Amino acid sequence: MRRYLIILMAALAFNAVAQNNRIYIEDFEIIPDSSVLVPVILANQDTTCGFQFNMTLPDGLEVEKVSMTDRIRDLGMKLEYHERNGSSVVMIYSMQLAYCVPDTIEVLTIKFKADADFKGGEVSLWKCRGARTDNTGLILSDATTRVSVPERSLVGVPIDKKKEKEQFFDSDMRPEVSTSAGKVSQKPTENKRIKK
């Protein structure tokens, strides 16, 4: 009897591990001062009739637009997106009991915009929740996405580059040289003939 109990517990443990429902964004690159469209993926092993998650962005990255994919829109689902307290809340739900069958599909697209001085960071999806068709809750795994900046876009003025000296110009646009006594013009002197 004890042997059967151990086998049953092992099977239940394996089933619990195998039931991995998650929503995530794959790592992506963005060039500073530009936008990029990124898919949000639902990998569900349970039939899911709605889901929601909170999203926190790194400094210098913002959301321009959140849209449902055609597949989710065709199911008649609704989208709600709210920003509050430094994070966002995204909700997908159905009033007609539409559902996503077990699959790995793109459910949303998010258009991110990076500031000109964006250096990269992490997007966190947390408190990810869903609902089964029998209205029982479903916990989706939280996810962290690495957002990087291509190396070529980081090439610029080296931080140790010396600042160029200030230079002054005379009225003929010739450079003037600074001395301890003050500014001295390098303008050649002209010999003028005086008429008698």
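Residues numbered from 1 in each chain as written. Predicted model: local features only at pLDDT ≥ 70, side-chain atom pairs only at ≥ 80, totals over all residues. Heavy atoms only, no water.

With that settled, consider the overall build of the protein. Within the protein one finds 3 helices and 14 strands. Per-residue burial over the protein gives 31% buried out of 196 residues. Taking the contacts inside the protein whose residues are at least 6 apart along the sequence as the reference set, 69% of them involve residues at least 24 apart. When the accessible surface of the protein is summed, it comes to about 14100 Å², and 52% of that surface belongs to carbon and sulfur atoms. (Helix = DSSP H or I, 4+ residues; strand = E, 2+ residues; numbered from the N terminus. Buried < 20%, exposed > 50% of the residue type's maximum accessible area, 1.4 Å probe, protein only. Contact = heavy atoms within 4.5 Å. Areas by Shrake-Rupley, 256 points an atom, 1.4 Å probe, with all protein chains shown as cover.)

Taken in spatial order, the 4 strands of this open sheet run β1-β3-β8-β5, and their pairing is antiparallel. Taken across any chain shown, the strands that pair with only one partner, and hence form the sheet edges, are β1 (22–24) and β5 (61–68). Ignoring which end each strand starts from, the neighbouring axes of this sheet average 25° apart. Pairing of β1 with strand β3 (residues 35–44) involves 3 bridges; the strand directions are antiparallel. By the bridge assignment, Tyr24 is partnered in β3 with Ile41. (Pairing = 2+ DSSP bridges. Axes fitted to C-alpha atoms, helices over the stretch in contact; angles between N-to-C directions.)

Further remarks concern the packing of aromatic side chains. One pass over the structure, following the stated rule, counts 1 aromatic pair. Ring geometry for Phe28 against Phe112: centres 5.3 Å apart, planes inclined by 20°, an arrangement best described as stacked. With Phe28 in strand β2 (residues 28–29) and Phe112 in strand β8 (residues 103–114), this residue pair connects regions lying 84 residues apart in the sequence. For Phe28, a relative accessible area of 10% gives the class buried. In this arrangement the basic side chain of Arg22 is found over the ring face of Tyr24, its NZ or CZ atom lying 3.9 Å from the centre. (Phe/Tyr/Trp six-rings, centres within 6.5 Å; stacked < 30°, edge-to-face > 60°. Lys NZ or Arg CZ within 6 Å of the ring centre and 35° of its normal.)

All right, on to the side chain of Asn54 then. Take Asn54: it is sitting in strand β4 (residues 50–56). Note on Asn54: relative accessible area 12%, which makes it buried. Beyond its immediate stretch of four places on either side in the chain, Asn54 contacts Ser88, Val89, Ser124, Leu125, Trp126 and Lys127.

Grouped together as the largest cluster of nonpolar side chains are 38 residues, with contacts concentrated most on Ile23, Phe53, Val107, Leu108 and Phe112. When contributions to this core are tallied by element, the ones reaching two or more residues are β1, β3, β4, β5, β7 (87–93), β8, β9 (121–131) and β11 (143–148). The element best represented in this core is β8, accounting for 6 residues. (Core = buried A, V, L, I, M, F, W, Y, C linked by side-chain atoms within 4.5 Å.)

As a further point, take the confidence of the model for the protein. Per-residue confidence for the protein gives a mean pLDDT of 80; residues scoring 70 or more make up 68%. Averaged pLDDT values for the elements of the protein fall to 41 in helix α1 (residues 2–18) and rise to 98 in β2. Below a pLDDT of 50 lies the segment residues 3–18, which in the model reaches 1 contact outside its immediate sequence neighbourhood of four places, other chains included. (pLDDT = per-residue confidence, 0-100.)

The next point concerns the side chain of Asn44. Examined against the element boundaries, Asn44 turns out to sit in strand β3. A distance of 3.3 Å separates the side chain of Asn44 from the backbone oxygen of Val101, its partner in a polar contact. When sequence neighbours within four positions are dropped, the list of residues in contact with Asn44 reads Asn21, Cys100, Val101, Pro102 and Asp103. (Polar contact = N/O pair within 3.5 Å; in protein donor to acceptor, adjacent residues only side chain to side chain.)

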